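An overview of the molecular structure
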Amino acid sequence: MFIFKKSFIKTFAISILSVILFSCSKKEKVEITFKNFGEEVTTTQNLTLEFNQILASEEILNQWDSTIYIEFEPPIPGVYNWETPTRLTFSPTEKLPPATTIKGTVTSKVIPEDVPLKLGDEISFSFKTTPLSVYKIASYWARINKESKETPKVFVDLEFNYPVSINELKSKMELQLGSETIPFEIDTEEDYSRAVTFHVNQYELKDLTIPVKVILQPGITPLGGEEETQEVKQVTTNLNSPYNFKVNSVSSNFDGSKGILTIVTSQAPQTRNYEEYIEIKPSVKYKIERKSNGFVITSEAFKITEKYEVILKKGLEGEIGGLLKRNVQEEFSFGKVQPTIKFASTKTRFLSRDGFRNVKVQILNVPEVEVVISKLYENNAKTFLSGRDY
């Protein structure tokens, strides 16, 4: 036979009461139970939150509105959509700032006025946009003046994921060819750019493959970003012999209306008859543009679902004197293309009273769109569209 002391019974009763009160209080609070993003997001990503309470009525579902359901720091302009009674999506109307930590806090506006709920403790979150990085490097031989017979120079192309300050980059960058640190000059003329080209004025032509290393010191901040790089970054490639003509890389992308094939070579292609040395299978009608480090091939006949093969034939000459010694065959496709909606021309984004009353829009991989037509006056049309990507 068990004998319970009054003190034990009293303590047990208080514990039961505390659990009940805690359970009831949790039921009356709004908490975030799911996010469609982690610690890092892209600058064009929508943010979706799932709540533990029913907050939206059927009347407001699937309607975009500008009610501030989430306060962001730094502030982010955008619109909101209740996809279900418990799921809210925020869509930024501008790209998120690069390399920036952003904090979000759910506001009491998510709770309808006639619903007896309160915001709980789990209503804040933070994330970072993708940090600054170099995602492409290429080195090649070329002449600054393509029409002259001057001694070829070593060029290096860097491509960042965000625009960077050219002046800041110059003070933070070091170039090594082999084991030797080499002075360089930047050719990019813009103050800020994602693509940066620089060259070495004096470097002996050697029939060797030379390692190339670019060292970036900490302290580089992308345009519009808040956080500078914290560590030393190194990117490497190889500089091929000027007496050989080689294909360094083949890449493809789709811009919504045409396919683009970029062929990067170890030196500038020869100006004459280069079209005869390039073939695409299956055959499509295309345009080809010669660059200082290869070719760019474009065609509206490329299909995103099709696989292709590009053949660069033996005998293709480089401007410096190198020769392609064997056929190069590369398969390419356009893979999963990012959904895009954009005007076909930035000059024709308005329906005027006296015009043809149609606007051409390019839509790719978007199954359904909602069209909102607003009446604008001439004096505020440009202001309305400024800062928008669409």
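1. Here we look at the overall build of the protein
Within the protein, the secondary structure is distributed over three helices and 27 strands. Relative to its 390 residues, the protein shows a buried fraction of 38%. Of the contacts made within the protein by residues no fewer than 6 positions apart, 62% connect residues no fewer than 24 positions apart. Just so you have it, the protein exposes about 24,400 Å², and 50% of that area is on carbon and sulfur atoms.

2. Focus on unusual backbone geometry
Residue Pro 74 is bonded to the preceding Glu 73 through a cis peptide linkage, with omega at 0 degrees. With respect to the helices and strands, the residue Pro 74 is situated in the loop between strand 5 (70-73) and strand 6 (78-84). Between Lys 281 and the following residue, Pro 282, the backbone shows a cis peptide bond with an omega angle of -10 degrees. Assignment of secondary structure puts Pro 282 in the loop between strand 21 (278-281) and strand 22 (287-291). Residues other than glycine seldom take positive phi values, yet Asn 62 does so here, at roughly 55 degrees. According to the relative accessible area criterion, Asn 62 is exposed, its value standing at 53%. Phi at Asn 273 is positive, roughly 60 degrees, even though this residue is not glycine. Here Asn 273 is to be found in the loop between strand 20 (259-265) and strand 21.

3. A look at empty space enclosed by the protein
The tally for this structure, following the rule as stated, stands at one cavity of 30 Å³ or more. In this structure, the largest cavity encloses a volume near 40 Å³. In terms of lining residues, the largest cavity is bounded by Leu 132, Ser 133, Val 134, Phe 160, Leu 216, Gln 217, Ile 220, Thr 229, Glu 231 and Lys 233. When grouped by side-chain class, the residues that make up the lining of the largest cavity number five nonpolar, three polar and two charged.

4. Remarks on the sheet that holds strand 15 (residues 185-186)
Spatial ordering of the open sheet is given by 11-12-16-15, a layout of four strands whose pairing is antiparallel. The two strands at the open ends of the sheet, each matched to only one other strand, are strand 11 (134-142) and strand 15. Relative to strand 12 (residues 153-165), strand 11 runs antiparallel, the two sharing eight bridges. When the sheet's bridge partners are listed, Ile 137 is paired in strand 12 with Leu 158.

Reading guide: rules and limits
Residues numbered from 1 in each chain as written. Predicted model: local features only at pLDDT ≥ 70, side-chain atom pairs only at ≥ 80, totals over all residues. Heavy atoms only, no water. Helix = DSSP H or I, 4+ residues; strand = E, 2+ residues; numbered from the N terminus. Buried < 20%, exposed > 50% of the residue type's maximum accessible area, 1.4 Å probe, protein only. Contact = heavy atoms within 4.5 Å. Areas by Shrake-Rupley, 256 points an atom, 1.4 Å probe, with all protein chains shown as cover. 1 Å grid on protein atoms, 1.4 Å probe; cavity = no way out; pocket = protein on both sides within 12 Å on 5 of 7 lines; lining within 4 Å. Points joined across faces, edges and corners; volume = space filled by probe spheres on them. Nonpolar A, V, L, I, M, F, W, Y, C, P; charged D, E, K, R; others polar. Pairing = 2+ DSSP bridges.

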